[in-house]
Amino acid sequence: MPDTQLPATLTSQRDGNIAILKLSRGAKRNALNIDTVLGLRRFFMDLPKDIGAVVLHGEGDHFCAGLDLGEVSGATDLHESILHSQTWHRAFHEMQFGRVPVICVLHGAVVGGGLELAASTHIRVAERSAYYGLPEGQRGIFLGGGGSVRIPRLIGVPLVQDMMLTGRTLSAEEGHAAGISQYLAAEGGGLAKGIELARKAAGNAAMTNFAVISALPRIAESHPDTGLFTESLIAAIAETTPEAQKRLRDFLEKRAAKIVKPGE
Ligand code: 1HE
């Protein structure tokens, strides 16, 4: 993957039809400055068409220490601060509602804006060292990267309030039980697991992945009647594509894999 468009705080590489994107500012615990946030947006906007999934991870001992606090220290311009938050919103929107599934590999600190970033991806794999915090309360600030919309949808408002009001941090296991991660991995095993999952997701029909990424969350938030109507439209769009028709024939003519039981 060409890195010419990326800031030095992000590096990417290609592994077949998977892109692996790394937060590469380990000296600052991958704290997100505005160049990195803009770089994330550009990366997802400019993703080559043959990339089918992205794995996001972080260098060093921590996934991400959140917002680069140096950038807001001294902030007094209300309008600029609103626009700063909205820059994060646009970047994370590009990721959440982009063309491909994003699998995030978490380890060490996943805090503040780092958790907001992780919450904008579709599948989270947590290594045992991962821990979660929302230190905005201690710093006198608030979520600004979409976290107040996305994190409660993963773990509920009461737990977010607890984390923000008391500084409570969650271990990898607690975060997993609460709904942050879909997978737990051994230390150092997260990236391989993330790549394995990305390959599976990239093997789906593009239209199905589009529906899962862009339609499903919106349907789930709709009034049930609107949701059911929208679902019928998306189902019809998906099943009438040549790709779906080929896959259905493959199954009926015994060329496609069967569903496997867990553990097999
Ligand atoms: C930083 C940041 C940062 C580290 N902004 N520079 N996030 C936080 O409140 C988390 C703040 N960070 C920490 O609590 C710790 O750094 C960690 C637990 C993540 C890691 O600890 P450690 O001992 O491995 O590293 P360190 O010595 O604290 O940090 C190494 C360097 O990174 C150091 O700089 P140096 O020049 O002295 O080497 C730190 O100052 C720097 N650093 N984290 C700036 N966050 C869109 S709104 C989102 C709102 C938020 O994200 S609030 C949460 C902010």
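Residues numbered from 1 in each chain as written. Predicted model: local features only at pLDDT ≥ 70, side-chain atom pairs only at ≥ 80, totals over all residues. Heavy atoms only, no water.

**A few points about the side chain of threonine 9**
Mapped onto the elements of the fold, threonine 9 is located in the segment before β1 (10–15). Here threonine 9 falls in the buried class, since its relative accessible area comes to 12%. Filtering out sequence-adjacent residues up to four positions away, threonine 9 remains in contact with Lys22, Leu23, Ser24, Arg25, Asn33 and Thr36. (Helix = DSSP H or I, 4+ residues; strand = E, 2+ residues; numbered from the N terminus. Buried < 20%, exposed > 50% of the residue type's maximum accessible area, 1.4 Å probe, protein only. Contact = heavy atoms within 4.5 Å.)

**A closer look at the pattern of salt bridges**
Going through the model one piece at a time under the given rule, you end up with 13 salt bridges. A salt bridge links arginine 41 to glutamate 94; the nearest nitrogen and oxygen atoms lie 4.0 Å apart. Separated by 53 residues along the polypeptide, arginine 41 in helix α1 (residues 34–45) and glutamate 94 in helix α2 (residues 78–96) bring together distant segments of the chain. Classification of arginine 41 by relative accessible area gives partly exposed; the value is 26%. Looking at glutamate 94, the relative accessible area reads 22%, which means it is partly exposed. A salt bridge links arginine 153 to glutamate 221; the nearest nitrogen and oxygen atoms lie 2.5 Å apart. Of this pair, arginine 153 sits in helix α5 (residues 147–155) while glutamate 221 sits in helix α9 (residues 206–221); the two residues are 68 residues apart in sequence, bridging distant segments of the chain. (Salt bridge = Lys/Arg side-chain N within 4 Å of Asp/Glu carboxyl O.)

**A few points about the pairing of β1**
Bridging between β1 and strand β2 (residues 18–23) involves six bridges; their strand directions are antiparallel. When the bridges of β2 are listed, aspartate 15 appears paired with isoleucine 18. In sequence, β1 turns back onto β2 through a hairpin of two residues, with glycine 16 there showing a positive phi of about 65 degrees. (Pairing = 2+ DSSP bridges.)

**Some thoughts on the environment of leucine 56**
Within the element layout of this structure, leucine 56 appears in strand β3 (residues 53–58). The class for leucine 56 is buried, based on a relative accessible area of 0%. Spatially, the C-alpha atoms of leucine 56 and valine 102 are 7.1 Å apart, while their sequence positions differ by 46 residues. The residues touching leucine 56, leaving out its near neighbours within four places in the chain, are Leu21, Leu23, Phe63, Val102, Ile103, Cys104, Val105, Leu117 and Thr121.

**Looking at the site of the ligand**
If you check the shell around the ligand, you find 24 residues, and the closest are Lys28, Arg29, Ala65, Gly113 and Arg139. Take alanine 27: an N or O atom from its main chain is 3.5 Å from an oxygen atom of the ligand. In the complex, the protein chains occlude 65% of the 1000 Å² of accessible area that the ligand would expose alone. For the shell around the ligand, the class distribution of residues is twelve nonpolar, six polar and six charged. (Near = heavy atom within 4 Å. Polar contact = N/O pair within 3.5 Å; in protein donor to acceptor, adjacent residues only side chain to side chain. Areas by Shrake-Rupley, 256 points an atom, 1.4 Å probe, with all protein chains shown as cover. Nonpolar A, V, L, I, M, F, W, Y, C, P; charged D, E, K, R; others polar.)

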